[in-house]
Amino acid sequence: MRLPKLDRIDLKILSELQKNGRITNVKLADAVGLSPSPCLMRVRRLEKAGYIGGYGATINMAKLGEVISVFTEITLSDHRHGDFFRFESAIRNVDEVVECHLVSGGYDYLLKFVARGIVHYQETIEQLLQRDIGIDKYFSYVVIKSPFIKAHYPLTALFDESH
């Protein structure tokens with residue numbers, strides 16, 4: 001399926017929706033300079049084409065209880081295709097891992113863990129090491145404070161050619 005070319009209005013729609021997925025169509029149309037009917041048609045087209053992967057809620061974790069975030073560098077023992085596949089398959093099912101990135105540089109993966117505390121994180125890492133999924137070494141970085149976390153991407157700056 002060939003993806004439709006996005007114009008400036010499509011980018012504005014995506015920008016607004018990523019900031020507020022519950023915005024009404026009328027308010028969205030007003031924000032992007034369209035009337036409601038063409039705006040809704042564009043949103044449906046963007047959804048159908050897969051530009052919009054879903055809608056969700058941003059949870060205020062601090063309200064639920066204390067948690068820590070830990071970024072972990074992982075280096076694999078071996079670097080064959082199957083080694084990467086085995087690691088990624090295993091790590092995908094670990095609830096505490098909320099991000100997994102294959103990176104270039106001095107290690108292979110950068111993972112983001114969310115845990116109840118240091119003990120919970122350490123138990124999770126130890127369970128991974130016992131599973132023999134190819135981890136050679138790891139380094140952990142406990143997040144002390146997150147001054148901000150952006151939940152949206154700068155779509156206009158990245159993809160609007162007139163920008």
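Scroll up to find the structure this text is about.
Note that this is a predicted model, so its numbers are computed, not measured. The written sequence of each chain sets the order in which its residues are numbered from 1. Selection of residues for local features in this predicted model requires a pLDDT of at least 70, selection of side-chain atom pairs for listing and counting requires 80 or more, and totals for whole chains, interfaces and linings are taken over all residues. Heavy atoms throughout the structure, all of them, feed into the side-chain values; hydrogens and water do not.

In short, DSSP must find at least two bridges between two strands for them to pair. Helix and strand definitions follow DSSP, with helices as H or I runs of at least four residues and strands as E runs of at least two, each counted in order from the N terminus. Within the open sheet, the 4 strands sit side by side as E2-E3-E1-E4. Their pairing is antiparallel. Both edges of this open sheet fall to strand E2 (97-102) and strand E4 (135-142), since each of them pairs with a single strand only. Across the sheet, the mean angle separating the axes of adjacent strands is 20° when strand polarity is ignored. Where strand E1 (residues 68-76) lies against E4, 7 bridges are found, and the strand directions are antiparallel. Its bridge partner lying in E4, Glu-73 is registered against Phe-139. Across the face of the sheet, helix H5 (residues 81-92) comes into contact with E1, E2, strand E3 (109-115) and E4 while running at roughly 15° to E3. Against the sheet, helix H6 (residues 118-130) makes contact with E1, E3 and E4, and its axis sits at roughly 165° relative to E4, the strand it touches most. As a rule, the C-alpha atoms of each element are fitted with a line to give its axis, helices using only the stretch in contact, and angles between N-to-C directions run from 0 to 180 degrees. Residues are treated as being in contact if the distance between any of their heavy atoms lies within 4.5 Å.

Below, the discussion takes up unusual backbone geometry. With a phi angle near 55°, Asp-132 is a residue other than glycine that sits in the positive phi range. With respect to the element layout, Asp-132 can be found in the loop between H6 and E4.

Residues belong to one nonpolar core when they are buried, are Ala, Val, Leu, Ile, Met, Phe, Trp, Tyr or Cys, and are joined through side-chain atoms within 4.5 Å. Each residue gets one of three labels from its accessible area relative to the maximum for its type: buried under 20%, exposed over 50%, partly exposed in between, using a 1.4 Å probe on protein chains only. Formed by 19 residues in total, the largest nonpolar core has its most connected members in Phe-87, Leu-111, Phe-113 and Leu-128. Among the secondary structure elements, those contributing two or more residues to this core are E1, H5, E3 and H6. By size, the runner-up hydrophobic cluster in this structure holds 13 residues, among which are Leu-17, Val-32, Cys-39 and Val-43.

Another aspect to go through is the packing of helix H2 (residues 25-32) against helix H3 (residues 36-48). Contact geometry of H2 with H3 gives a least axis separation of 9 Å together with a crossing angle of 95°. By the angle between their axes, H2 is roughly perpendicular relative to H3. For the pair H2 and H3, the contacting residues are Asn-25, Val-26, Leu-28, Ala-29 and Val-32 in the first and Pro-36, Cys-39, Leu-40 and Val-43 in the second. As a working rule, the residues Ala, Val, Leu, Ile, Met, Phe, Trp, Tyr, Cys and Pro are called nonpolar, Asp, Glu, Lys and Arg charged, and the rest polar, with Gly in that last group. Across the contact of H2 with H3, the residue classes tally to 8 nonpolar, 1 polar and no charged. Comment on the angle field: the value is read as roughly parallel under 35 degrees, roughly antiparallel over 145, roughly perpendicular from 65 to 115, and oblique elsewhere.

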